[in-house]
Every structure is written in C-alpha cells, then in structure tokens.
Amino acid sequence: WVFFVDYSSSNTAKSTNSALVGTLLGWTVLGFDFLFMIAQIIRIYGRKGQRFRTTWHVLDVVGIILVCIYTVLVFVFDKDDNTYLFLSNSGKGNVTLAVITTLVITAKFISLLRGFDRTGWLVAVLTQNFLDVRGFIIVIVSILFGFTIAFRLLFARVNGECIVE
C-alpha cells in the first residue's frame, strides 16, 4: 500500500516513476484487497451478522473499502492512455483519501499487535487512554470549529494578501 500511494499520489509521484511498476503495484493492491474482501464476506456470513461487535472489526471492513476506492479512483482518473488498465507515471491519486486510508490501515495494524505478549498490553492501555479523553477531545474540537468559523466570518472580506516575512 505504501509503495502504491508513493507512486500514485499527486503529491509524491515523480516523473521518473515507471508506469509499469505503478500499474503492477495497482493491480497487486487490488488483487490482495479483493482477497481480503472475500475473506470478510465469508466471515460476515459465517457469523450471521455478529461480525461488527467491536471497533476493530469495523476498521477491517472500512480499511478494505477505502483501499478499493482509492485504487479504483487512481485507475479511473488516469486517462493518459485512454484505458483504465494502465497507469501513467504521473500521480492522479487523491491525497486526502490516501491519508485517511493510511490512518485506518495503521489503526488496523495496531489491532493486530494485540495478539503479542510484548505489545498487547500497550494497545490495551492506548485504547483505554483514548476512551478516557474522548469527552475532552469533543470539547476541544467544538471550540476549534467555533473559532475557525468565527475567524472565517470576520476575515472573509479582508482585501490584500497575507505575507509572512
């Protein structure tokens, strides 16, 4: 995933990137994502709807869906060769979607670390810490949004440029 985003993102793609390598990475990511999707569907039907009991299960499914959406969009928006099968060497990937997908995949990786003796307790402590401060985070985010909107309204019609010297 990291190599594919590096090749396909509009911020990190280089003109020296090989179109063949980018195309192979894209199809490899789609292939693995398709296998993971089939495994999730089998698990969902095997447990008769009890799959989404925890946040970790939801992260698995959301990660798979986001990787699929990003990869398909890269192939769709790359119209340099008028096909949807090959990638050019220029990046057409949506950076915001790549960042969100990478964060979800990182959280999914952290959930896998629960199974080891040396890291399992760390994941449990981090999860509990996030749960304990969620009220504080809600208050801080609300204040941040409020001030952002207020300053946007105040300075929306200010003429000139903001130049930092």
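Rules and cut-offs
- Residues numbered from 1 in each chain as written.
- Predicted model: local features only at pLDDT ≥ 70, side-chain atom pairs only at ≥ 80, totals over all residues.
- Heavy atoms only, no water.
- Helix = DSSP H or I, 4+ residues; strand = E, 2+ residues; numbered from the N terminus.
- Buried < 20%, exposed > 50% of the residue type's maximum accessible area, 1.4 Å probe, protein only.
- Areas by Shrake-Rupley, 256 points an atom, 1.4 Å probe, with all protein chains shown as cover.
- Core = buried A, V, L, I, M, F, W, Y, C linked by side-chain atoms within 4.5 Å.
- Contact = heavy atoms within 4.5 Å.
- 1 Å grid on protein atoms, 1.4 Å probe; cavity = no way out; pocket = protein on both sides within 12 Å on 5 of 7 lines; lining within 4 Å.
- Points joined across faces, edges and corners; volume = space filled by probe spheres on them.
- Nonpolar A, V, L, I, M, F, W, Y, C, P; charged D, E, K, R; others polar.

Enquirer: Describe the overall build of the protein chain, and please don't skip the residues or the numbers.
Expert: Along the backbone of the protein chain there are 6 helices and 0 strands. Along the protein chain, from the amino end to the carboxyl end, the secondary structure elements read α-α-α-α-α-α. Within the protein chain, the fraction of its 165 residues that count as buried is 22%. As displayed, the protein chain has an accessible area near 12200 Å², and 70% of this comes from carbon and sulfur atoms.

Enquirer: Describe the nonpolar core, with residues and values.
Expert: Note on soluble globular proteins: their nonpolar side chains tend to be buried together. Judged by nonpolar contacts, the single largest core of 16 residues is most densely connected at Phe4, Tyr70, Val74 and Leu87. Elements that contribute at least two residues to this core include exactly α1 (2-8), α2 (19-46), α3 (55-77) and α4 (95-112). For this core, the leading source of residues is α3, giving 7 residues. In contact with valine 74, not counting residues within four places along its chain, are Phe4, Ser8, Leu87, Lys92 and Gly93.

Enquirer: Explain the layout of surface pockets residue by residue, including any values.
Expert: Approximately 390 Å³ is the volume attributed to the largest pocket. Taken together, Thr55, Trp56, Leu59, Ala107, Ile110, Val123, Leu126, Thr127, Phe130 and Leu131 form the lining of the largest pocket. Put simply, the parts of the chain that give the lining of the largest pocket at least two residues each are α3, α4 and α5 (117-132). Taken together, the residues that form the lining of the largest pocket break down as 8 nonpolar, 2 polar and no charged. Of the voids in this model, the second largest pocket is the one considered here, and its volume is about 310 Å³. Lining the second largest pocket we find 14 residues, and of these Trp1, Val29, Phe32, Phe36 and Val67 sit closest to its centre. Counting only elements with at least two residues in the lining of the second largest pocket, the list comes to α1, α2, α3 and α4. Top element by residues in the lining of the second largest pocket is α2. It accounts for 6 residues. Among the residues forming the lining of the second largest pocket, the class breakdown is 10 nonpolar, 2 polar and 2 charged.

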